[in-house]
Amino acid sequence: MDLVRHLECFVAVAEQSHFGRAAAELGIAQPPLSQRIQRLERELGVRLFERTSRQVTITEAGTLLLAEARELLARSEAFMATARRIRDGETGLLRVALLPDLAGETVAAVLADFPRHHAGLELELHELSTAQQLARFASQDLDVGVIHHPCDVTGLELGPVLRRELGVLLPRSAAAAALDEVPLASLSGYDLILFPRSSAPTLYDDLLTTCARNGFTPAAVRHGQGASFVRGLVLSAGAVAFGPYDTQPADVRERSADAGSGVVWRPLAGAPLAWRHSVAWPKGRGDAAVGAFADAATHALRTTAGARAEAAPRPLHLRPASEYWL
């Protein structure tokens, strides 16, 4: 028995004191309405109405049950309204992840834009590498995230792939620091600082392959992620690192020879290296909330990080990572 529908019939008859008017209000014929009232009475084991040829009168049992019937209908409607808000991405919990190498301005733009349009939706935000996000997607512990490409996207749906070109961080005293654009081959002899391979294995191998194809095989590969740690290695260890312009502090971007920082950022000649990002979520689980977050993150990357759409993924020509270790 559809309890909610039967209670609606009960309340309508009680308020109208007439089966014909109640049926018109409900948009059904009178015989089905009478059948529903009779079935409800059988299920409850009490008589709800006294019927004569002239009038319908609610019984004492019906009067006692009427207030609770109205309360149940109100709760049912509230329940359905909440379900609709969740379906439409207006309320609930959304588990999202952003990459550690995104600029603070990009993170702030996502967090400012999304709640403005979805005030009833709670964001559970995590800072996770691509590998960590893929693991959480597989265990169903993450709803949506921003990932690096290339990676294994089996079982995922993707937003547009966006490209952020990388430059090089190098000591201000290096000869290449005087160039407007630095060829990768001019970095020969330097160590290279990269994120740990476990964070994004395919991207790691792709970067080293591209460097080798453009004449740069690092003397050694060092690992670091924190901005201060990486800058310290560049200053003290004869190393270089790659990063996009938007994540660099002002003193590192400065081209003046007497700038305070001992580290400079320069674009790479021919733009051979880039971060490629997209929003990703599990297939079949892209509801309105996920779509809204994808829009907000994509917009933030474009407006704060200068990311631009990439027409198609670039084919990979990978060498084993072990070839780069000395």
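Residues numbered from 1 in each chain as written. Predicted model: local features only at pLDDT ≥ 70, side-chain atom pairs only at ≥ 80, totals over all residues. Heavy atoms only, no water.

## Side note on the side chain of E41
Alright, step 1. With respect to the element layout, E41 can be found in helix 3 (residues 30–44).
Alright, step 2. The class of E41 is buried, set by a relative accessible area of 9%.
Alright, step 3. Separated by 3.1 Å, the side chains of E41 and R51 make a polar contact.
Alright, step 4. With sequence-adjacent residues up to four places away left out, E41 is seen in contact with V46, R47, L48, F49 and R51. (Helix = DSSP H or I, 4+ residues; strand = E, 2+ residues; numbered from the N terminus. Buried < 20%, exposed > 50% of the residue type's maximum accessible area, 1.4 Å probe, protein only. Polar contact = N/O pair within 3.5 Å; in protein donor to acceptor, adjacent residues only side chain to side chain. Contact = heavy atoms within 4.5 Å.)

## So, helix 8 (residues 227–236)
Alright, step 1. Within helix 8, burial applies to V230, L233 and V234. Seen end-on, helix 8 carries its buried residues on one side only, within an arc spanning 100°. Turned more than 90 degrees from where helix 8 packs its buried face, S228, L235 and S236 sit exposed.
Alright, step 2. Considering only its buried residues, helix 8 is in contact with strand 7 (162–171), strand 8 (191–194), strand 10 (239–244) and strand 11 (263–267).
Alright, step 3. Following helix 8 by one or two positions, G238 has its phi on the positive side, about 60°. (Arc of directions from axis to C-beta.)

## Concerning the domain arrangement of the protein
Alright, step 1. Partitioning the protein into domains gives domain 1 (3–87), domain 2 (93–149 + 284–309) and domain 3 (162–274).
Alright, step 2. Spacing between the C-alpha centres of domain 1 and domain 2 amounts to 47 Å. (Domains from an automatic or database assignment.)

## Comments concerning the packing of helix 2 (residues 19–26) against helix 3
Alright, step 1. Packing of helix 2 against helix 3 brings their axes to within 9 Å, and their N-to-C directions diverge by 100°. Between helix 2 and helix 3, the angle falls in the class roughly perpendicular. Here helix 2 contributes F19, G20, A22, A23 and L26 to the contact with helix 3, which in turn contributes Q30, L33, S34 and I37.
Alright, step 2. Its residues assigned to classes, the contact of helix 2 with helix 3 comprises six nonpolar, three polar and no charged. (Axes fitted to C-alpha atoms, helices over the stretch in contact; angles between N-to-C directions. Parallel < 35°, antiparallel > 145°, perpendicular 65-115°, else oblique. Nonpolar A, V, L, I, M, F, W, Y, C, P; charged D, E, K, R; others polar.)

## What to know about unusual backbone geometry
Alright, step 1. Residue P150 is bonded to the preceding H149 through a cis peptide linkage, with omega at 5°.
Alright, step 2. Tracing the backbone through its elements, the reader meets P150 in the loop between strand 5 (144–149) and strand 6 (156–158).
Alright, step 3. With a phi angle near 60°, Q140 is a residue other than glycine that sits in the positive phi range.
Alright, step 4. Structurally, the position occupied by Q140 is in the loop between helix 6 (130–138) and strand 5.

## Examining the UniProt feature "domain: HTH lysR-type" (unreviewed entry) in the protein
Alright, step 1. Following the UniProt record, the feature "domain: HTH lysR-type" (unreviewed entry) maps to residues 1–59 here.
Alright, step 2. In this annotation, residues 1–59 is assigned 63% helix and 10% strand; the end-to-end C-alpha distance for the span is 22 Å. (UniProt positions renumbered as here; feature names shortened; annotations may be inferred.)

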